[in-house]
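Architecture and fold: a report
In case you want the letters, here they are:
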Amino acid sequence: MRKKIIAGNWKMNKDLEEGMGLVSEISNMLRDEYQGSAEVVIIPPFLHVNAVSKLIADNPRLKSGAQNCSNHKSGAYTGEISAGMIKSCAATYVIIGHSERRQYFGEHNQWLAQKIDAVLEAGLTPIYCCGETLEERESNTHFAVLEKQISEGLFHLSPEQMMKTVVAYEPVWAIGTGKTASTAQAQEIHAFIRGLIAAKYDASTASEITIQYGGSVKADNAAELFSAPDIDGALVGGAALQSRSFVDIVKAMA
Ligand code: 13P
């Protein structure tokens with residue numbers, strides 16, 4: 001059975017004190033209110049990862065992660081953070097290839113493939129993001145775009161490495177816009193991605209891989225999205241910045 005994962009990507013929000021307050025609230029609320037099966041991941045800015053990891057250490061349901069990492073292990077790369085450093089802060093997940101990294105920081109598939117390797121080598125779990133722009137969807141090129149992102153970013157991996165990777169489908173037109181993909185639209189793409197993995201590896205590998213949906217997930221649309229057979233959780237942005245809305249999304253996952 002593949003894992004269900006709800007992750008909150010804080011992006012560049014919350015100072016340390018605000019972040020600690022939010023994590024404490026989430027941890028307490030989950031203890032009191034949630035008996036379901038999902039793993040819940042807090043993904044704050046780099047600077048808070050260590051403190052978040054310490055704060056959640058007594059709550060086995062909660063894990064921490066980082067929003068990016070270097071493709072290098074160490075060296076003269078001013079401003080960069082390695083996967084090993086993230087691991088040393090007791091985090092277990094790293095988002096790779098978020099559309100904001102692709103769009104604003106020029107990260108391309110070949111570079112992201114190296115980052116995936118760095119994350120796996122450190123023994124961490126990559127959450128590899130893919131997704132098409134509105135223009136790509138409207139011109140009906142989204143399947144080709146997704147196939148390129150998935151194959152160039154991931155298909156150099158061994159089957160064992162692929163099994164350790166989480167994929168997040170985040171249509172760019174749904175991120176921070178309040179416009180969610182319909183459950184049918186998301187399910188269609190998730191099944192397409194799983195099919196690509198099955199064709200490259202095999203059906204049992206594909207069936208083990210968690211594929212999250214991201215893009216304006218809220219408490220009131222989460223349950224419907226999670227009812228789709230290939231949607232295994234969510235990568236949440238805006239709604240992860242508030243304990244009540246984030247925990248309600250988690251509670252939508254049985
Ligand atoms: P929103 O939930 O704010 O649309 O952000 C989604 C996202 O980019 C998560 O990584």
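This write-up is about the structure you can find in this document. (Residues numbered from 1 in each chain as written. Predicted model: local features only at pLDDT ≥ 70, side-chain atom pairs only at ≥ 80, totals over all residues. Heavy atoms only, no water.)

So, on to the sheet that holds strand S2 (residues 39-43). Taken together, the eight strands give a closed barrel; going around it, the order is S1-S2-S3-S4-S5-S6-S7-S8, and neighbouring strands pair in parallel fashion. Neighbour to neighbour, the strand axes of the sheet diverge by 25° on average, direction disregarded. As paired strands, strand S6 (residues 166-169) and strand S7 (residues 211-214) are joined by three bridges and run parallel to one another. Looking at S7, one finds that Val-167 is bridged to Ile-211. Helix H7 (residues 142-154) rests against strand S5 (125-130) and S6 of the sheet, and its axis sits at about 155° to S5. (Pairing = 2+ DSSP bridges. Helix = DSSP H or I, 4+ residues; strand = E, 2+ residues; numbered from the N terminus. Axes fitted to C-alpha atoms, helices over the stretch in contact; angles between N-to-C directions. Contact = heavy atoms within 4.5 Å.)

With that settled, the discussion passes to the packing of aromatic side chains. How two aromatic rings sit relative to each other is set out by the distance from centre to centre and by the angle between their planes. Scanning the entire structure with this criterion turns up three aromatic pairs. Plain terms: the ring middles of Phe-143 and Phe-192 are 4.8 Å apart, the flat faces sit at 70° to each other, and that makes the pair edge-to-face. A residue pair is termed long-range when its members are at least 10 positions apart, and Phe-143 in helix H7 and Phe-192 in helix H9 (residues 183-200) qualify at 49 residues. Assessed through its relative accessible area of 27%, Phe-143 is described here as partly exposed. For the ring pair Phe-155 and Tyr-201, a centre distance of 5.7 Å and an interplane angle of 80° mean the geometry is edge-to-face. Placement of Phe-155 in the loop between H7 and helix H8 (159-163) and of Tyr-201 in the loop between H9 and helix H10 (203-208) is noted, with a sequence separation of 46 residues between them. Sitting over the ring of Phe-105, Arg-101 keeps its end group 3.9 Å from the ring centre. Lying across the ring of Trp-111, Lys-115 places its NZ or CZ 5.1 Å from the centre. (Phe/Tyr/Trp six-rings, centres within 6.5 Å; stacked < 30°, edge-to-face > 60°. Buried < 20%, exposed > 50% of the residue type's maximum accessible area, 1.4 Å probe, protein only. Lys NZ or Arg CZ within 6 Å of the ring centre and 35° of its normal.)

Any link to function would need more than the numbers given here.
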